Amino acid sequence: MTMKPGPKFSAAVLWTLMIMGFALVPVLMSSSYQLNLASHVLVWGLFAVAFNMLWGVTGMLSFGQALYYGLGAYFVGLMVEYLGSAWYLPAIGIGMLAVAATSFLLGLLVIRVGGVYFTMLTLAFGQLAWQITFKWYDFTGGDDGIQGITAPGFLQNPIAYYYFLLVLVMLSMWILKRMAYSPFGLMLRCVRQNPERVRFLGRRVRRNQLRVYIVSSLFAGLAGSLMAGIDNSIHTDMFFWTTSGEVILMSVLGGLNQFFGPFVGAIAMIIIEDIVGAWTEYWSLIIGSLIMGMVILFPKGLVGELYHLKLRMMQPKAGRSE
Amino acid sequence: MNAMLELESVHKSFGGLHVTQNVSFAVMPGEISAIIGPNGAGKTTLFNQITGHLQPNSGRILLKGQDVVGQSPQKIVAQGIGRAFQIASLFPDETVLDNVKVACLSKLDQTRRFWRPVQAFRQATDRAYSILEDLGLEKQADRLAFELAHGDQKLLDIGIALVLEPQLLLLDEPTAGMSPEERQRTRELIKKLWKAYELTLVFIEHDMDMVFGIAEKVRVLQLGALLAEGTPDEIRNNKEVVTAYLGEA
């Protein structure tokens, strides 16, 4: 991952534009549906960026991050259902603690294997969690999911909830971005590029992989628990492998090598799904073809291609001295 | 004086293939020496055993008197061995500066710091720049490692190894694949680094100008066995070595 940070002010401009853009949605919207769409973008964007810390940065392709996304959602859903909506906010924190514990224990297991075995093992655990949730009807509601998850107090107002969401998502992204550019983030990129050399620097590869696995899972869990309040309902699909696949696609679409790539990928994906879904029932076929086309046209991802365009424009005579 | 590195009857075989046969020698502190021999003589395999990447079947490898056989590369590097690889082992998508800097951060035990940006770690930055200056790579600090010329990549690899302040540095064919001018420059640079960093230096090399130009001692490997050991002059005049490897001049 080439993460040369640009000048300070351009990063600040980017953040300001992004936050302003999302903050203005409730003011400019013509229907509550658009607010719902923007909320989905924020949650998926956070989920995808957190996932990319694992894949794009550290080179660990997990096909099971839905496990933590679902766990976060179901902690909120179940606690609100059984204990009341006052438990909504505590449930987010408790859910994240549960995610931390689970990802630590599972992480010890799955990082022992590399490459495609890691991918398959994470997929297996994700599907296991989905099966349990699906079958345990008495407790989880099984295929019916959980409905009527209402946030407490003023958060019941969709606009208030949206701003609550915006603050938490932007805060999380800021934390993840600081990590990505810190010595820890540099170490993670080195682990991806040359683990053998990292060992020969006297550093532990697996220890770092475990750390980032927990961090990525934590924010996936947070994204899941925030999702519960948007549609006021959750479903076992949140654990399903297609959910894990969705963030992989978003990352590829936006660009693995840029911090904001997966976030832009999430925006693109949700907007495409929305537009295409509105005029044809064969939407998945169209989306599949569209994504294939985009990946062929922009192999570095949307943000990646933009970044390279900018680099080319900044160096008109790219005469490389060899 | 105690040896920096001592090999005692080190033996390694893969099935019926004996890649290291009863090799014994001692490297004194501050020595600069070469290991030469035809391709397949087991030179790199020997390095791999010293650094823990491979385990010998028998024999002892003593670093400052301590047997390191059976320890992981990670443990061995912590005891003062540095190594640059035959094919430069870098972090290709990071800048030249960050390649050295990640080693500096490792040395300072700061790689777990996750909040302040890499640029804020001044001690590591200063150290990385000073190493790049010693290597003559400071002007390329902001380029990505994979963009460097082949020779510069190998120098960068040495730079990463130097950060960890090794007492014993192993270089595997430092000038392989370089142009004659690059070889010349690298030769002088390595000699300079050896003095400046007070290293004990062992290098594998096919470039005879380098071997006979800067080594105080030369060891010849053939078919996994130590064929000869001596000063450059002794080796140059050794009949067996001339027949086996150097050829009639």
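Parameters at a glance
Residues numbered from 1 in each chain as written. Chains lettered and ligands numbered in written order. Predicted model: local features only at pLDDT ≥ 70, side-chain atom pairs only at ≥ 80, totals over all residues. Helix = DSSP H or I, 4+ residues; strand = E, 2+ residues; numbered from the N terminus. Rg over C-alpha atoms; globule rule 2.2 N^0.38 Å. Buried ≥ 20, exposed ≤ 12 C-beta atoms within 10 Å, placed from the backbone. Contact = placed C-beta atoms within 7 Å. Domains from an automatic or database assignment. Nonpolar A, V, L, I, M, F, W, Y, C, P; charged D, E, K, R; others polar. pLDDT = per-residue confidence, 0-100. Pairing = 2+ DSSP bridges. Axes fitted to C-alpha atoms, helices over the stretch in contact; angles between N-to-C directions. Parallel < 35°, antiparallel > 145°, perpendicular 65-115°, else oblique. Left-handed = near helix turned anticlockwise from the far one by under 90°. Expected span 1.5 Å × (residues − 1).

What follows covers the overall build of chain A. In terms of regular secondary structure, chain A is built from 15 helices and 0 strands. Radius of gyration (C-alpha) of chain A: 20 Å, near the 20 Å computed for a compact globule of 322 residues. Seen through its principal axes, chain A has C-alpha atoms that stretch 65 × 50 × 40 Å. Sorting the 322 residues of chain A into buried and exposed places 46% on the buried side. A fraction of 76% describes how many contacts in chain A between residues 6 or more apart in sequence connect residues 24 or more apart.

Let us now look at the domain arrangement of chain B. Residue and element names in this part refer to chain B. By the assigned domains, chain B splits into domain 1 (5-80 + 166-246) and domain 2 (90-151). Between domain 1 and domain 2, the C-alpha centre-to-centre distance is 28 Å. If you look at the interface, domain 1 gives 7 residues, while domain 2 gives 4 residues. The residue inventory of the side of domain 1 that touches domain 2, partitioned by class, reads 4 nonpolar, 2 polar and 1 charged.

Residue and element names in this part refer to chain A. Secondary-structure assignment places leucine 108 in helix H5 (residues 88-110). On the basis of neighbour counts, which here come to 12 C-beta atoms within 10 Å, the residue leucine 108 falls in the exposed class. Along the backbone, leucine 108 and arginine 207 are 99 residues apart, and their C-alpha atoms lie at a distance of 9.2 Å.

Let us now look at the confidence of the model for chain B. Per-residue pLDDT for chain B averages 91, and the proportion of residues at 70 or more is 99%. If you check the scores for this complex, the pTM reads 0.90 and the ipTM reads 0.88.

On to the sheet that holds strand S6 (residues 81-84) of chain B, then. Residue and element names in this part refer to chain B. Across the sheet, which stays open at both edges, the 6 strands sit in the order S6-S7-S8-S3-S9-S10 with mixed pairing between neighbours. Looking at the sheet topology across the chains shown, the edges are occupied by S6 and strand S10 (225-230). Across the sheet, the axes of successive neighbouring strands diverge by a mean angle of 20 degrees, strand direction being ignored. Seen against the sheet, helix H9 (residues 239-246) touches strand S3 (32-36), strand S9 (217-222) and S10 and runs at an angle of roughly 125 degrees to S10.

Attention shifts here to the interface of chain B and chain A. By convention, interface size is frequently given as the accessible area that disappears when the constituent parts associate. Taken together, the contacts link 29 residues of chain B with 22 residues of chain A. Of all the secondary structure elements, the ones that give two or more residues to the side of chain B that touches chain A are helix H2 (73-78) and helix H3 (96-107) of chain B. Examining the composition of the side of chain B that touches chain A, we find that 5 residues originate from one element, H3 of chain B, more than from any other. In terms of residue class, the side of chain B that touches chain A is built from 17 nonpolar, 5 polar and 7 charged.

We now examine the confidence of the model for chain A. In the predicted model, chain A carries a mean pLDDT of 90, and the fraction of residues at 70 or more is 95%. Throughout residues 317-322 of chain A the model reports pLDDT below 50, and contacts reaching past four residues in sequence, or to other chains, amount to 2 contacts.

Before going further, it helps to examine the sheet that holds strand S2 (residues 17-27) of chain B. Residues and elements named next belong to chain B. Taken in spatial order, the 4 strands make up an open sheet running S2-S1-S4-S5, and their pairing is antiparallel. Two strands bound the open sheet, and with one partner strand each, they are S2 and strand S5 (66-67). Relative to S2, strand S1 (residues 5-14) is paired through 7 bridges, and the arrangement is antiparallel. The partner of lysine 12 across the bridge, within S2, is threonine 20.

Residue and element names in this part refer to chain B. Look at H3 against helix H4 (residues 122-135): their axes get within 8 Å of each other, and the N-to-C directions meet at 120 degrees. The orientation of H3 with respect to H4, classified from their angle, is oblique. Where H3 crosses over H4, the two elements pack in a sense that is right-handed. Of the residues in H4, those touching H3 at Val96, Leu97, Val100, Lys101, Cys104 and Leu105 are Ala124, Thr125, Arg127, Ala128, Ile131 and Leu132.

Residue pairs spaced three or four apart in an α-helix point in one direction, given the helix's 3.6 residues per turn. All names here are of chain A. For helix H13 (residues 261-279), which comprises 19 residues, the first-to-last C-alpha distance of 28 Å matches the rise-based estimate of 27 Å (1.5 Å per residue) to within 8%. Looking at H13, one finds that the buried residues are Gly261, Pro262, Phe263, Val264, Gly265, Ala266, Ile267, Ala268 and Met269. Looking at the buried positions of H13, the neighbouring elements they touch are helix H3 (32-57), helix H12 (241-254) and helix H15 (302-314).

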